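If you want the building blocks of each chain, they are given just below.
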Amino acid sequence: MKTFNLPDLGEGLAESEIVKWHISVGDMVKLDQVVLTVETAKATVDVPAPYGGRIVSRHGEEGDVINIGALLLEIDETGAEQTASEQKQTADAATVVGNVSQHAHSVNVDDFWIGGEHNPSPDNLITALPSARLLAKKLGVDLDLVKGSGPDGLIVDADIYDEAGKQRPGTEVLKGARRTMVSTMAESHHNVAAVTITEEAVLEGWKQGEDISIRLVQAIVHACQEEPAMNAWFDAETMTRCVHSTVNIGIAVDSRHGLYVPVLRHADEYEPQEVRRWLDQTVQGIRERKIGREQLQHATITLSNFGAIAGIYATPVVTPPQVAIVGAGRIIEKVVIRDGQAVAVKAMPLSITFDHRACTGGEAARFTKVLAEHLRKPSV
Amino acid sequence: MTELTLVEAVNLALHHEMEHDPNVIVLGEDVGDNGGVFRATVGLKQKYGLKRVIDTPLAEALIGGVTVGMATQGLRPVAEFQFQGFVFPALEHLMCHAARMRNRTRGRLTCPAVFRAPFGGGIHAPEHHSESVEALFAHTAGFKIVIPSSPQRAYGLLLAAIRSNDPVMFFEPKRIYRTVKSEVVDNGEALPLDTCFTLRKGRDITLVTWGACVVESLQAAQTLSNQGIEVEVIDLASIKPMDTTTIFRSLEKTGRLLVVHEASKTCGVGSELLARTAEHAMCLLKAPPKRVTGMDTIMPYYRNEDYYMIQEEDIVIAARELVEDWK
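None of the values given here were measured: they were computed from a predicted structure. Each chain has its residues counted from 1, following the order in which its sequence is written. Here the convention is simple: chains get letters from A, ligands get numbers from 1, in the order in which they are written. For this predicted model, a pLDDT threshold of at least 70 governs which residues receive local features, and a threshold of 80 or more governs which side-chain atom pairs are given and counted, while totals over whole chains, interfaces and linings are taken from all residues.

1. Quick look at the overall build of chain B
Then step 1. Per the convention used, a helix needs a DSSP run of H or I reaching at least four residues, while a strand needs a run of E reaching at least two, with both numbered from the N terminus. A count of helices and strands for chain B gives 12 helices and 14 strands.
Then step 2. Burial is judged by counting other C-beta atoms within 10 Å of a residue's own C-beta: 20 or more means buried, 12 or fewer means exposed, and anything between counts as partly exposed, with every C-beta placed from the backbone. Within chain B, the proportion of its 327 residues that are buried is 59%.
Then step 3. Of all intrachain contacts in chain B linking residues separated by at least 6 positions in sequence, the fraction that spans at least 24 positions is 81%. Think of it this way: build a C-beta for each residue from its backbone, and any pair within 7 Å is a contact.

Now the structure itself:
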């Protein structure tokens, strides 16, 4: 059995008046046979039966005003079943004016406050730059505890940095040399094809109290002159290499402010005692933070004498555009076999890192050999 | 007290104001004998006569021009366009005269007219019966634009619109003309034309919407509440002037803005809301604002209508992203 509701008659009207029924309960009707006449506000309309069959019940009497969607007829079908897709099409049918739904929503749309007076400003109102919010999230800073320094208490990035140290003791924002180290080392690590070669220089002929720094500077100058490929600048982007004839040695100096690498320019022209004087002055300058930017530039090769503190071997990091760095470890005493006899000797461990994009293994090995041999020489 | 539908509340407001102010005139196509294509003006002609309830020819330019003339000469006409899509022939009168009358005459004449039009899609009608072009009028200086979304607000806002001394575009969401019902107090009290209405409190998201989308927004808010996200639902109602004070006050609490409107996205009223938030409330935000809107296409014919219309699920998804992506 199927039901037939009053359809939308195409004018967007909600209701119609029943003018005349053309059938009675028990009648057999055919598809599209006129079953009743209704009057809308605009016109009188004959309504056809949507299905054939026997009328089971009839709802509404002549003169009644009924709503669209109200039950009109129940029809017991004797003919073919309407297919599901036909039903869908009926439900989907477009009308010229539109089909304004009668279906009531269960939501309550008429429970409202005029404006939003119930929203007083919260006591803990936070205004913060979006970047400051992001920063606080990264640093684990609780915004509720931050006092904003911007206009009207706006929290800016600087407030978050300040607060980070308070909320997480030990946290600091990197500055100066320590900050520079981050990018220089990261760039090097990312780009350089680093290979480290190690060697020991046996120091049999050294006097007591030999100045290690002077000997290292001299040895590097000599090695660079013998194997200039390691005393060079390299740029992969332009595929260029500049092999230097002068030797500018960047010397790594540790300080509590971070790593500094002042440059001993024209190291090849220095007398030994001048090297010492330059070193002492420079270290003093770094401690007093009086070293100028120009003193940190134009190194052609770097020396790291980390062994002065501790460490035997290392893998030093080349600073582009340089192609090599010499690391000197702590001088060790060891036993070697010489002419079948065990002999105690002093030896300096050397770790030389080079950029294999710019130097061959042979060049690095020859450089290392010359370096170690020069260090082995007795004191003058 | 009986419950009224939204369209019945519009009718009630018209009855109330015609009874209390003899200067109120209703005019439009089929508004008299027929009672209006959606029954908004039913009973008015029988009660107030053909001099105050005027059936016009099918000529919207005429409706616009006559209304401007009546309004500037002391009447308070309420003109009906059968659909918002039929307003275009009258734009010359609306935009170039009604909206500018006060300015052009240096305050000597005002234009206290109301232009009513049902708007919005989702009723299986063609595209020129389905559009949402509130932004077009919001961009034109001189109009107030009001969109009610409940019976009580339709009543109170229409009274306010009729009493306004400047022209009001009054757009009625016809999809929910008869699907929302509530008790309406016929006390003649107007609602303010410059404020929004808060429909639901919430601490996590400020959802601003208007028109028929209020229904899906409230449904989504209930669904989200069951998932632990509390949405504050604000019915903008007055598109212009725009009550950003209430919205920013809510953002102070939630820090997250979601705008839902049926009109297409580009240069929609949602764009203006986001722009003002960026200008004045950026530092309250915990997440970039989001919009759930209609598409930048012509309203599709009925078979594809549901793809265009905003569904509750669309709002739920956007709201969850606003919270979960920006904890």
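This is not the end of the story, as more comes after the structure.
2. Section: the interface of chain B and chain A
Then step 1. Contacts between chain B and chain A engage 49 residues on the former and 38 residues on the latter.
Then step 2. The element best represented in the side of chain B that touches chain A is helix α9 (residues 244-254) of chain B, accounting for 5 residues.
Then step 3. Put simply, Ala, Val, Leu, Ile, Met, Phe, Trp, Tyr, Cys and Pro go in the nonpolar bin, Asp, Glu, Lys and Arg in the charged bin, and everything else, Gly too, in the polar bin. Of the residues belonging to the side of chain B that touches chain A, the class tally is 22 nonpolar, 14 polar and 13 charged.
Then step 4. Sheet topology note: the strand β9 (residues 113-114) of chain A/strand β9 (residues 197-200) of chain B ladder contains 2 bridges and is antiparallel. In the strand pairing of β9 of chain B, Ile-114 of chain A is matched with Phe-197 of chain B. Pairing between strands is defined by DSSP: at least two bridges between the two strands are required.

3. Structural notes on the nonpolar core
Residues and elements named next belong to chain B.
Then step 1. Formed by 123 residues in total, the largest nonpolar core has its most connected members in Leu-158, Ala-161 and Ala-319.
Then step 2. It is helix α7 (residues 151-163) that contributes the most residues to this core, 8 residues altogether.
Then step 3. Excluding residues within four positions of it along the chain, Leu-158 makes contact with Val-10, Ala-13 and Phe-170. Throughout this description, the term nonpolar core refers to a group of buried Ala, Val, Leu, Ile, Met, Phe, Trp, Tyr and Cys residues whose C-beta atoms join them within 7 Å.

4. Comments concerning the pairing of strand β17 (residues 301-304) of chain A
Residue and element names in this part refer to chain A.
Then step 1. Here β17 shows no split at all, with Ile-301 and Leu-303 on one side and Thr-302 and Ser-304 on the other all buried.
Then step 2. Relative to strand β18 (residues 324-328), β17 runs parallel, the two being bridged by 3 bridges. Opposite Ser-304, over in β18, you have Gly-327 as the bridge partner.

5. Section: the packing of helix α5 (residues 212-226) of chain A against helix α6 (residues 272-287) of chain A
Residue and element names in this part refer to chain A.
Then step 1. Only the stretch in contact is used when a helix axis is fitted, and all axes are lines through C-alpha atoms; the angle between N-to-C directions ranges over 0 to 180 degrees. Relative orientation of the contacting elements α5 and α6 amounts to 115°, with a least axis distance of 9 Å. With respect to the hand of their crossing, α5 and α6 are arranged in right-handed fashion. Seen from α5, the contacting residues are Ser-213, Ile-214 and Val-217; seen from α6, they are Pro-272, Val-275, Arg-276 and Leu-279.
Then step 2. For the contact of α5 with α6, the per-class residue count stands at 5 nonpolar, 1 polar and 1 charged. With the far helix as reference, a near helix turned anticlockwise by less than a right angle produces a left-handed crossing, and one turned clockwise produces a right-handed crossing.

6. What to know about the sheet that holds strand β3 (residues 53-55) of chain B
Residue and element names in this part refer to chain B.
Then step 1. With mixed pairing, 7 strands are arranged side by side in an open sheet as β3-β2-β4-β5-β7-β6-β12. Looking at which strands have only one partner, the edges of the open sheet turn out to be β3 and β12 (238-240). In this sheet, adjacent strand axes meet at a mean angle of 20° when their direction is disregarded.
Then step 2. Relative to strand β7 (residues 168-173), strand β6 (residues 144-146) runs parallel, the two sharing 3 bridges. Considered in β7, the bridge of Ile-145 is made with Met-169.
Then step 3. On the sheet, helix α3 (residues 60-72) packs against β2 (24-28) and β4 (76-80) and is oriented at approximately 165° with respect to β4.

7. A few points about the environment of Glu-333 of chain A
Residue and element names in this part refer to chain A.
Then step 1. With respect to the element layout, Glu-333 can be found in strand β19 (residues 332-338).
Then step 2. The class for Glu-333 is exposed, based on 8 C-beta atoms found within 10 Å.
Then step 3. Spatially, the C-alpha atoms of Glu-333 and Met-348 are 8.9 Å apart, while their sequence positions differ by 15 residues.
Then step 4. Other than its neighbours up to four places away in sequence, Glu-333 contacts Ala-344 and Lys-346.

8. Looking at unusual backbone geometry
Then step 1. For the peptide bond that leads from Pro-320 of chain A to Pro-321 of chain A, omega is 5°, which places it in the cis range.
Then step 2. A positive phi angle, close to 75°, is found at Arg-39 of chain B, a residue other than glycine.
Then step 3. As for its position among the elements, Arg-39 of chain B is in the loop between β2 and α2 (44-48).
Then step 4. The class for Arg-39 of chain B is buried, based on 22 C-beta atoms found within 10 Å.

9. Some points on the pairing of strand β20 (residues 341-355) of chain A
All names here are of chain A.
Then step 1. Relative to β20, strand β10 (residues 194-202) runs antiparallel, the two sharing 9 bridges. Paired with Val-195 across the bridge in β20 is Phe-354.
Then step 2. With 5 bridges connecting them, β18 and β20 associate as antiparallel partners. Considered in β20, the bridge of Ala-328 is made with Leu-350.
Then step 3. Summarising the sheet, β19 and β20 pair through 7 bridges and their orientation is antiparallel.

10. Overview of the environment of Gly-211 of chain B
Then step 1. Mapped onto the elements, Gly-211 of chain B comes out in the loop between β10 (205-209) and α8 (213-226).
Then step 2. Setting aside residues up to four positions removed in sequence, Gly-211 of chain B forms contacts with Gly-120, Ile-147, Ser-149, Pro-173 and Glu-262 of chain B.

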